[in-house]
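Descriptive structure summary
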Amino acid sequence: LVGLFISFSGDLSPAVASEAPDLDEFVATFHPTPGYFSTYTTEDGGLYLEVTEEQFGDEFLIVTQFAKGNGSGFILTGFPILTEMFYFQKRFNKIELVSKNMNFRAEEGTIQGRMVGLGFSDSVRKSFSPAAQDLEDGRYLLDVTGSFIGDWPSMAGFLPGVYGTGFFLDKSRSSLDYVKGFERNVEIEVDLTFGATGFINSPNVPDPKTLPISLHYSILALPDEPMKPRLADNRLGFFTTPYFDYSSVGGPGLGTRIINRWRLEKKDPFAEISEPVKPIVYYLENTIPDELMPYVKEGVEIWNKAFEKAGFKNAILAMPQPNDPDWDPADARYSTIRWIPNTQNTFAIGPSDADPRTGEILNADILVVSDWFTSINNDREFLADNLISDFNTRDQLVQWAAMMNPNNVNLLCDYGSSMSGQIELMRQTLIQDGMLDSGADPIEYIGEALRELIAHEVGHTIGLRHNFKASTATPRERLHDVEFTKENGLAASVMDYNPPNISLDRSAQGEYFNSTVGTYDQWIIEWGYRQVGNETLNPHPELQEIAAKSYMTGYLYATDEETGTGPVAMDPYAIQYDMGSDPFNYYSDLTVLIDSLWEGLEDRILEDDEEFNRLRYAAHLLLFQRFRGFPWMAKAFGGVEVTRVHKGNDLNVSPFRPLTATEQRDALDVVLQIFKPGVLDTFPMELIDRMPPERYIDLASNYNFGNRFTYPVHDFMTAVRINVLNIAFNPERLMRVRDHAFRSDDLSPFTLAEMIEGFTNTIWADVMMGLAPRSSLQRETQSVYLDMLINLGSNAAISVGSSAQANEHGQYEPTGSHLPPNLAALNPFLNDTHALAFAELVDLHGAIAAVLAVGIADRTAEAFLMEAKNRIEQAININ
Ligand SMILES: [Zn+2]
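Please read all numbers here as calculations on a predicted model, not as lab measurements. (Residues numbered from 1 in each chain as written. Predicted model: local features only at pLDDT ≥ 70, side-chain atom pairs only at ≥ 80, totals over all residues. Heavy atoms only, no water.)

Counting its regular elements, the protein contains 28 helices and 24 strands. In the protein, of all internal contacts separated by at least 6 residues, the share reaching a separation of at least 24 is 72%. Counting only carbon and sulfur atoms, one obtains 52% of the accessible surface of the protein, whose full area is about 37500 Å². (Helix = DSSP H or I, 4+ residues; strand = E, 2+ residues; numbered from the N terminus. Contact = heavy atoms within 4.5 Å. Areas by Shrake-Rupley, 256 points an atom, 1.4 Å probe, with all protein chains shown as cover.)

Set out below in structure tokens:
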């Protein structure tokens, strides 16, 4: 205590600090590892780090990732957790590890720089009393055992979300695995044990009370000479490093984004095309199967065609992992492509670490889940049969990833996980053609798919985001024109999710997968990597000229947030897994293709004397693909074609083009097809009896408890329909249908009334025509739709959970009063929708009453209508 008080007087601190033992004597028996920071390990597993005075203030990264996963959730080998920037500083006799705030910046030495320095603090993450020191040479030894063999990324916070039970780090069962030192980096790996307060329900951990997690830390020096950053441009899809720049006060705004890219400099700066001083090199880990290696290599080097447009040859190379036992794929100096096991979801991910100061990508590791192409049996997630729970599982995985690090969410890539289903569809087509037998897939088909997948993931690690509009660049009639696609790509970008390109006309089949990077890929690399003179954080004329093509076919760009089915996703041309200029035609062709595959499916899929369960997967997959396009098509209601352009573009193209009445009407016709009673007419129902799951209920089986044992085609169809309804009746979409009609000069605009009546008259067609609803499938959808109308048309929904409360007038409001005195509680923007839904309920009520009045022989249909009628009466005051 005395020491503590004395140290605050400041001038006495050196005397106190000198009480720490001499560094060299202290470490005499330790095992030293020289490196960027020298480290020392002790017999009992302690870890010490030496920092020198010269290093104070030097910024470095600590990159944390899972070293060994357990193959579930996102606890996967190599999965990135955190990238943080730190520096060391000395205050009194403490050495502090300080986390640097890079969100607010200004040029140092300026007034703004001073203001930012005062206004935004860095955070002291750790404070160390030196365990030993050498004052003469300014060396300090820090005991970092507890920091690294500890819960550095605060996993105890998000693990309960993943496993549903609490966790505590048990230090007694946690230890250092290794430490390796290099000139510019230090690599530390630790094996941690988290004890569970409850029971971990996962076959992936051997002991249900214990969760082993290994972490890898890369301590990575930042380049001495920072790279020149390039200002982002919203017309081109680079990952960015965003920050607030206070130096630009007086400019258009504070928000600044620089692109993430590799530092490529020409060896010969005056040559039109030159090799780079330092190429981008990917090491291919020796876990990749030999026969697939050539395709992985091609998938990397395919990008050289794009880099040539930027003035570089041999810019990007793939090399085998060095034959050196000390080589470590987690070593931050190396970019790698790794093959990892995962039982829960098959995906590939291409994370990269960028210098926060400049966006310079320092390294990248691509993780490919080993069984990504396994087309039969192993895809447990897919075999869950229940689409709604599948969607939830995906959302949950994304949420977990976000808990670990919100920045990771943009990096997540689903392409690999969808590829297995896509390959299966291609396989079945080829078997039907007689080009394959039902055995294993020939390596060239898998290889070509893998080449495209790797090209896609490499694209992420050279800075590119998804471009889900790229597939619209290829005219539908040229999709199988090999000369065209070899030059331009099947799509304008490998950054789309491109399905195999299967021709409906089997005699006119072109390339199945992209054999080149596309037009967009070449353009964006040219823009991002071309060296330009006098580069500042202002738009550069040379780059502006390149970017100006953004409205042209082949250069259109739309990414994740515009592509889902959420409110920002309003462009029906920005969708995934389609091919060619017209997504609607693509999906209608797909239904025709799949309907042609039902007949003879069993004989094509199964050998004699083979178990039947493979048929379950094959048939489920075809059904899934059969209806895959419909949710996307629902984006056409209130749809807007979005083009990323700047003012003054050559054709004066607007960023937004509302879909015409005809386009929306055509989409309604297509979408309503799946609400008709005959929707499953092409599916051979007798197949259900030949689609058992595996006949073992155990760990190795593809059958999970909670699933239906018999194939639930009925529930499958309902889930697809619910998904489409949710997308079509998203409030934001309904408002845009209204908006489009409001400002339309079309004589017959597409209206909310037309849309809602279209759904009612299709889903409730039988009752509206005076007939009893005889089909259980239709009744299920009718019931869901009725609930939706009630939500929209009454104030029942808003009363849920608040029905006991008085409204603003002090009156108690029971659910069911159709004219809410508290109008503010309703969304006024949905006023017309509300009225229309109300009117539909009144009409439906009348139609139901009429059918009931006639009398119904079918007891279930009668009961259904009695209940539905009562539900409407409970919701609105029908009189
Ligand atoms: Zn991706």
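Turning our attention to the side chain of E285. Summarising the element assignment, E285 is placed in the loop between β17 (280-284) and α7 (293-301). Taking relative accessible area as the criterion, E285 reaches 8% and is therefore assigned buried. In this structure the side chain of E285 is engaged in a polar contact, spanning 3.3 Å, whose partner is the side chain of R338. Non-local contacts of E285, meaning those with residues more than four positions away in its chain, are made with M293, Q321, P329, I337, R338 and W339. (Buried < 20%, exposed > 50% of the residue type's maximum accessible area, 1.4 Å probe, protein only. Polar contact = N/O pair within 3.5 Å; in protein donor to acceptor, adjacent residues only side chain to side chain.)

Taken together, the 3 strands give an open sheet; going across it, the order is β7-β15-β16, and neighbouring strands pair in mixed fashion. Strands with a single pairing partner mark the edges of an open sheet, and in this sheet they are β7 (104-105) and β16 (255-259). One ladder, built from 5 bridges, connects strand β15 (residues 240-245) with β16; its direction is antiparallel. Across the sheet, T240 pairs through a bridge with I259, a residue of β16. (Pairing = 2+ DSSP bridges.)

For helix α11 (residues 443-461), built from 19 residues, the straight-helix expectation of 27 Å at 1.5 Å per residue is met to within 8% by its first-to-last C-alpha distance of 26 Å. When you tally the buried positions in α11, you get 16 out of 19 residues, the bulk of the element. Note on α11: the residue one or two positions beyond its end, G463, has a positive phi of about 110°. (Expected span 1.5 Å × (residues − 1).)

On to the nonpolar core, then. Counting residues in each nonpolar core, the largest one holds 158 residues, and the members touching the most others are W303, I462 and F759. Those residues in contact with F759, other than ones at most four positions away along the chain, are F637, L668, V671, L672, F675, L725, A728, F729, W764 and Y785. Among the nonpolar cores identified, the runner-up in size contains 47 residues, and F86, F167, A196 and L215 belong to it. (Core = buried A, V, L, I, M, F, W, Y, C linked by side-chain atoms within 4.5 Å.)

Of note, Y577 is a non-glycine position whose phi angle comes to about 60°, a positive value. Here Y577 is to be found in the loop between α15 (560-563) and α16 (583-595). Even without being a glycine, N652 presents a positive backbone phi close to 55°. With respect to the helices and strands, N652 occurs in the loop between β23 (640-642) and β24 (656-658). Taking relative accessible area as the criterion, N652 reaches 62% and is therefore assigned exposed.

Reading across the sheet, the 5 strands line up as β1-β2-β3-β10-β9 and stay open at both edges, with antiparallel pairing between neighbours. Edge positions in the open sheet fall to β1 (31-33) and β9 (132-134), since each of these has one partner strand only. Taking each pair of neighbouring strands and ignoring which way they run, the sheet shows an average axis angle of 20°. (Axes fitted to C-alpha atoms, helices over the stretch in contact; angles between N-to-C directions.)

Here we come to the side chain of R626. Among the structural elements, R626 can be located in helix α18 (residues 613-626). R626 gets classed as buried once you look at its relative accessible area, which sits at 13%. Here the side chain of R626 touches D595 through a polar contact of 2.9 Å, side chain to side chain. Those residues within four positions of R626 in sequence are excluded, and the remaining contacts are T591, I594, D595 and T682.

A separate point is the packing of aromatic side chains. Note on aromatic pairs: each is described by the distance of the centres and the angle between the planes. The final tally for this structure, using the stated rule, is 36 aromatic pairs. With a centroid separation of 5.1 Å and an interplanar angle of 75°, the aromatic rings of F37 and F60 are classed as edge-to-face. One end of the pair, F37, is in the loop between β1 and β2 (38-41); the other, F60, is in strand β4 (residues 60-68), with 23 residues separating them in the sequence. On the numbers, 6.2 Å between centres and 10° between planes, the contact of F637 with F750 is stacked. Residue F637 is found in the loop between α19 (629-633) and β23, and its partner F750 is found in the loop between α22 (731-743) and α23 (752-763); the two are separated by 113 residues along the sequence. Summarising the burial analysis for this pair, F637 and F750 share the class buried. Among the aromatic side chains, those forming a connected cluster through ring pairs are Y36, F37, F60, F86, F88, F148, W152 and Y217. (Phe/Tyr/Trp six-rings, centres within 6.5 Å; stacked < 30°, edge-to-face > 60°.)

This part is about the pairing of strand β10 (residues 139-143). The buried fraction of β10 amounts to 4 of the 5 residues, a majority that puts the element mostly inside the structure. Pairing of strand β3 (residues 47-52) with β10, which is carried by 5 bridges, proceeds in the antiparallel orientation. The residue of β10 that forms the bridge with L49 is L142. Taken together, the 3 bridges between β9 and β10 define a ladder with antiparallel strand orientation.

The next point concerns the pattern of salt bridges. If you walk through the whole model with that rule in mind, you get 40 salt bridges. The partner of E360 in a salt bridge is R263, with the nearest N and O atoms 2.8 Å apart. You can see E360 sitting in the loop between β21 (352-354) and β22 (361-369) and its partner R263 sitting in the loop between β16 and β17, a full 97 residues away along the chain. Sharing partners across several salt bridges, the network here consists of D24, E50, D134 and R139. (Salt bridge = Lys/Arg side-chain N within 4 Å of Asp/Glu carboxyl O.)

With that settled, consider α16. Here α16 is 13 residues long and its end C-alpha atoms lie 18 Å apart, about the 18 Å a rise of 1.5 Å per residue gives. Taken residue by residue, α16 has P583, Y586, Y587, L590, T591, L593 and I594 as its buried positions. Relative to the axis of α16, the buried residues are bounded by an arc of 160° and lie together on one face. With a side-chain oxygen positioned 2.8 Å from the backbone nitrogen of F584, the residue opening α16 is D582. (Arc of directions from axis to C-beta.)

Its location among the elements puts Y217 in strand β14 (residues 210-221). Y217 gets classed as buried once you look at its relative accessible area, which sits at 0%. On a C-alpha basis, the gap between Y217 and D331 in space is 9.2 Å, while along the polypeptide they are 114 residues apart. Beyond its immediate chain neighbours, meaning those up to four positions away, Y217 contacts I62, V63, T64, S147, F148, G150, W152, V186, E187, I188 and V190.

For the rest of this paragraph, the subject is the environment of K209. As for its placement among the helices and strands, K209 is situated in the loop between β13 (185-196) and β14. Remark: the alpha-carbon pair of K209 and T197, spanning 12 residues in sequence, is separated by 7.4 Å. With sequence-adjacent residues up to four places away left out, K209 is seen in contact with F194, G195, A196, T197, G198 and I200. There is a polar contact of 3.3 Å between the side chain of K209 and the backbone oxygen of G198.

We now examine a negative patch on the surface. A contiguous patch of negative charge on the surface is contributed by D437, D603, E607, D608 and D609. Take D603: it is sitting in helix α17 (residues 601-605). (Patch = residues over 30% accessible without salt bridge, like charges linked within 9 Å, V, L, I, M, F, W, Y side chains within 5 Å. Lys, Arg positive; Asp, Glu negative; His and termini not counted. Charge placed at Lys NZ, Arg CZ, Asp CG, Glu CD.)

Turning to its location among the elements, R657 is positioned in strand β24. Separated by 15 residues in sequence, R657 and V642 have C-alpha atoms that sit 6.5 Å apart. In this view, R657 contacts Y573, G639, V640, E641 and E663; residues no more than four positions away in its chain are not counted. Side chain to side chain, R657 and E663 meet in a polar contact 3.0 Å long.

With that out of the way, let us pick up the confidence of the model for the protein. Mean pLDDT over the protein stands at 85; residues scoring 70 or higher make up 85%. Segment residues 1-17 is flagged for pLDDT under 50; beyond a separation of four residues in sequence, or across chains, it makes 12 contacts in the model. (pLDDT = per-residue confidence, 0-100.)

Here the focus is the packing of helix α25 (residues 776-793) against helix α28 (residues 859-875). Relative orientation of the contacting elements α25 and α28 amounts to 5°, with a least axis distance of 11 Å. On the basis of the axis angle, α25 is roughly parallel to α28. Facing R779, Q782, S783, L786, D787 and I790 of α25, the residues of α28 in contact are T860, A861, F864, A868, R871, I872 and A875. (Parallel < 35°, antiparallel > 145°, perpendicular 65-115°, else oblique.)

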